[in-house]
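# Coordinates in review
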Amino acid sequence: MPELEGTSDRKVSKQEPIIQLIIFRLGEEEYGIRIEQVKEVTITPEIARMPKTPAFVKGIANLRGDIIAVIDLEERFNLRPGGEPLPSVSYTLAIEAKDYTIGIVVREVPQPLSIPISIIEKAPEFIQDINIQDKYIEGIAKVEGRIIVVLDMLKLLTPSEIMQLQPKSESSPASVRTKP
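Below you will find a few notes about this structure. In this text, all values refer to a predicted model and were calculated from it rather than measured experimentally.

## Some remarks on the environment of Leu-154
Structurally, the position occupied by Leu-154 is in the loop between strand S12 (146–151) and helix H4 (159–165). Put simply, Leu-154 and Tyr-136 are 18 residues apart on the chain and 7.5 Å apart in space, counted from C-alpha to C-alpha. Setting aside its immediate chain neighbours within four residues, Leu-154 contacts Gln-37, Glu-96, Ala-97 and Tyr-100.

Below is the structure:
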């Protein structure tokens with residue numbers, strides 16, 4: 001009989017939905033992205049700087065024949081002063097959305113992690129209020145003493161930022177120039 005009790009406890013925990021994340025560091029904090037949002041992870045290719053893009057946009061890169069915009073989330077989130085050069089070796093997570101693919105630069109090798117979806121808590125209200133236009137924080141996961149901010153990469157960029165990263169932006173330079 002004791003064997004049955006032990007196995008029934010294990011079955012209950014195995015039935016809980018599991019989410020797979022790709023974990024990476026930005027500044028001193030750990031962040032996670034759902035694995036299905038990550039197309040691939042690679043050593044950062046050579047980046048060509050683009051004019052008239054926000055500072056956090058490092059430029060464009062050729063990733064297996066696709067030209068993608070490469071962004072630095074440490075600058076986007078103000079976790080590090082802007083303009084600081086990237087390390088000689090960094091890694092890029094290719095994130096594929098419906099209309100675009102972007103690269104996210106990280107300084108260390110991203111790691112996979114599987115966790116029960118139930119441990120991802122909604123971000124505190126004050127964070128949601130501050131980021132009212134930035135709903136890219138899916139939640140906070142506490143795992144063995146670690147705190148991981150789970151991001152929804154598909155909500156990371158604003159529509160105007162996405163327009164700036166589109167290769168077909170030749171038709172809109174006048175609207176870009178009107179900004180002071």
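Moving on from the model shown.
## Considering the sheet that holds strand S2 (residues 29–34)
Here we have 6 strands laid out as an open sheet, ordered S9-S1-S2-S12-S11-S10, and mixed in their pairing. Across the chains shown, the open sheet's two edge strands, defined by having one partner strand only, are strand S9 (111–116) and strand S10 (120–121). Relative to strand S11 (residues 137–143), S10 runs antiparallel, the two being bridged by 2 bridges. From the neighbouring strand, Ile-120 faces S11, where its bridge partner is Ala-141.

Reading the values: rules and limits
- Residues numbered from 1 in each chain as written.
- Predicted model: local features only at pLDDT ≥ 70, side-chain atom pairs only at ≥ 80, totals over all residues.
- Heavy atoms only, no water.
- Helix = DSSP H or I, 4+ residues; strand = E, 2+ residues; numbered from the N terminus.
- Contact = heavy atoms within 4.5 Å.
- Pairing = 2+ DSSP bridges.

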